[in-house]
Amino acid sequence: MATELVHIPDLGSSDAVDVIELCVKLGDMITLDQSLIVLESAKASMEVPSTAAGKLLALRVKAGDKVLSGAVIAEIETADAATSPQEPTAAAVTTPAATNTPTPATTVSIANTTPPAVTPAASVTATTTEQTALLYAGPAVRKLARELGVELRDVKASGPRQRITHEDVRAYVKHVVQKLGTTGAVTSGGAGIPPVPPVDYAKYGDTTLEPLSRIDKITRDNMHRAWLNVPHVTQFDHADVTDLEEFREQMKPEIARRGIKLTPLAFLLKACANALREHSRFNRALHADGEHFFQRHYIHIGIAVDTPLGLMVPVIREVDKKGLWEIASEVAQLSEKARLGKLLPGDITGGCFTISSLGAIGGEGFTPIVNTPEVAILGVSKTKIGPVWDGSAFAPRKLMPLTLSYDHRVLNGADAGRFLTFLVEEIGDIRRLLL
Ligand code: CAO
């Protein structure tokens, strides 16, 4: 018998994330890849799988803790591991040795603590007593709350030691529904925005009131923020993808051999990386003081992914330095992770620009909302065959509709015209992607 330590994987970010749920309890027999805990950042939640199989001897974190990459989360007694556990340094864990039951009295307030140096070994930081106390709920209750889109901090606890029960969550939902009645009055965001008048929908037919999912709530807030803050303008064009599609057709045997799906999106990502390099104003972000801008010197591009959980935007890093196969493979991996709800904070942050492709779904064009603080976003619609004048006659060509929405505080119409024209040229003649 030996003991193995399980760590928080590389989150791809130096920000601490919340432990929102423990999925296992002491003494459980753990299988490889079984989810041990659930982490949640501002943008996503993720389950941390076990890297060892065996009996759970100790949990070093508890719900409400904040953790960083590399923190030890569990000790597992394995049947055949040869190594003994490497103990974290004394400074590694600032919360008490974790048990399944959080003990608010022994948690340390951040305000009273000098934060330890951030090293993988010193990665569990303390939470405030208040925060921990508010998060007293078992995994099943947390799951229910997540499914119903309920913030646990809004729920009044009635269980022993201020524990939130299933009933508390249901009572909260009932209370909200009663409060809203059948009108669903939508309040104004303030700042002089006129509120939408309430409507008694039940007057017109049967209705039910359903909660938004957590990801849908995040999208709601992000879109509203971008819509209110960013003066949007959208530029339209078509790229002639006849040659690109012919090339993809020729590549079919190699696509099959490599097992990597080479869709137009990989070409678009590469073309956008070139466009961002040539038109660096598109790689700016406004400083909050309104007097400066940040000029990014890297090219990370987000792709909007439609998932059963809601809209997510994983980010492909350093697109300018990658080849088409590598990009295509990352698109497949990240969109799969998004669909499984397994994106890590590092997968969804740091984007410079976004592509939203509805090409596989349909439509002739749409005006995407800028993923602020980025300053532009490309919308891609379904390729159709259309007539193109070749100087003497109309020829049938494959045309891909492209729309570019941009933040008019940072970019002008002429910038957008140049950027989109450049993109159309790159996609129209894919040899240019090499330049
Ligand atoms: N025109 C015609 N066909 C297209 C196309 C286009 N513009 N873009 C892609 N296609 C084709 C692909 O080539 C593929 O067909 P083949 O297998 O024959 O090559 C098929 O459509 C399916 O593509 P896909 O969706 O699997 O892959 P993708 O690389 O085009 O897109 C992803 C990946 C993750 C972007 C996509 O699956 C997705 O989630 N799109 C939705 C994005 C979204 O919701 N945007 C709105 C956000 S705002 O609410």
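Okay, so let's go over this structure.

Rules and cut-offs
Per-chain numbering applies: the sequence of each chain, read as written, is numbered from 1 onward. The predicted nature of this model means local features are confined to residues of pLDDT at least 70 and side-chain atom pairs, given and counted, to a pLDDT of 80 or more, with totals for whole chains, interfaces and linings taken over all residues. For side-chain calculations, the full set of non-hydrogen atoms in the structure is used, while hydrogens and water are omitted. In what follows, salt bridge is the name for a side-chain nitrogen of Lys or Arg lying within 4 Å of a carboxyl oxygen of Asp or Glu. Only DSSP runs of H or I covering at least 4 residues are called helices, and only runs of E covering at least 2 are called strands; the numbering of each starts at the N terminus. For every residue, the accessible area obtained with a 1.4 Å probe (protein chains only) is divided by the maximum for its type, and the residue is called buried under 20%, exposed over 50%, and partly exposed between those limits. For every element, the axis is a line fit to its C-alpha atoms; helices are fit only across the contacting stretch, and the angle between N-to-C directions ranges from 0 to 180 degrees. Crossing handedness is defined as follows: a turn of the near helix away from the far one that is anticlockwise and smaller than a right angle gives a left-handed crossing, while the clockwise case is right-handed. Working rule for contacts: check all heavy atoms of both residues, and any pair within 4.5 Å makes them a contact. For this classification, the nonpolar set comprises Ala, Val, Leu, Ile, Met, Phe, Trp, Tyr, Cys and Pro, the charged set comprises Asp, Glu, Lys and Arg, and every other residue, Gly included, is treated as polar. Any residue with a non-hydrogen atom lying within 4 Å of a molecule or strand is treated as near it. Polar contacts, as used here, are pairs of N or O atoms within 3.5 Å; protein pairs need one atom able to donate a hydrogen and one able to accept it. Residues neighboring in sequence count only if both atoms are side-chain atoms. For accessible areas, the Shrake-Rupley method is used with a probe of radius 1.4 Å. Any residue's cover is judged against the shown protein chains and nothing else. When the centres of two rings from Phe, Tyr and Trp lie within 6.5 Å, Trp using its six-membered ring, the rings pair. Their planes under 30 degrees apart give stacked, over 60 give edge-to-face, and anything left gives tilted. Strands were regarded as paired on the criterion that DSSP finds at least two bridges between them.

1. Comments concerning the pattern of salt bridges
Here's step 1: By the definition in use, this model includes 23 salt bridges.
Here's step 2: Put simply, D221 and R220 hold a salt bridge, and the shortest N to O gap is 2.9 Å.
Here's step 3: The shortest N-O distance in the salt bridge between R248 and E245 comes to 2.9 Å. Residue R248 and its partner E245 are both found in helix α5 (residues 242-250); the two are separated by three residues, about one turn of the helix.
Here's step 4: Residue E245 is classed as buried on the basis of its relative accessible area, which comes to 16%.
Here's step 5: Within this structure, D240, D243 and R397 form a network of salt bridges that share partners.

2. What about the packing of helix α7 (residues 264-278) against helix α8 (residues 324-339)?
Here's step 1: At their nearest, the axes of α7 and α8 sit 9 Å apart, and the two run at 115° to each other. As α7 runs across α8, the sense of the crossing is right-handed. Between α7, through L265, A266, F267, L269 and K270, and α8, the contact on the second element is made entirely by L324, I327, A328 and V331.
Here's step 2: The class makeup of the residues in the contact of α7 with α8 is eight nonpolar, no polar and one charged.

3. A look at the site of the ligand
Here's step 1: Neighbouring residues of the ligand: 21 residues in total, closest K261, T263, R339, S356 and T383.
Here's step 2: Contact between the ligand and T383: a nitrogen atom at 2.9 Å from a main-chain N or O atom of the residue.
Here's step 3: Across the complex, the protein chains shield 70% of the 960 Å² of accessible surface that the ligand would expose by itself.
Here's step 4: Taken together, the elements giving at least two residues each to the shell around the ligand come down to α7, β14 (305-307), α8 and β17 (353-357).
Here's step 5: Across the shell around the ligand, the residue classes break down as nine nonpolar, seven polar and five charged.

4. Here's the deal with the packing of aromatic side chains
Here's step 1: Counted under the stated rule, the structure contains four aromatic pairs.
Here's step 2: For the pair F353 and F419, a centre-to-centre distance of 5.6 Å together with 45° between the ring planes defines the contact as tilted. A residue pair is termed long-range when its members are at least 10 positions apart, and F353 in strand β17 and F419 in helix α9 (residues 413-428) qualify at 66 residues.
Here's step 3: The exposure class of F353 is buried, given its relative accessible area of 0%.

5. Here's the deal with the side chain of S356
Here's step 1: Mapped onto the elements of the fold, S356 is located in strand β17.
Here's step 2: Judged by relative accessible area, which is 13%, S356 ranks as buried.
Here's step 3: Ignoring sequence-local partners within four residues, the contact set of S356 consists of A304, F366, I377, L378, G379 and V380.

6. Here we look at the pairing of strand β19 (residues 384-389)
Here's step 1: Note: β19 against strand β20 (residues 394-407), six bridges, orientation antiparallel. Counted as the bridge partner of G386 is R397 from β20.
Here's step 2: The antiparallel pairing of β19 with β20 creates a hairpin that spans four residues between the two strands, and G391 there sits at a positive phi of about 110°.

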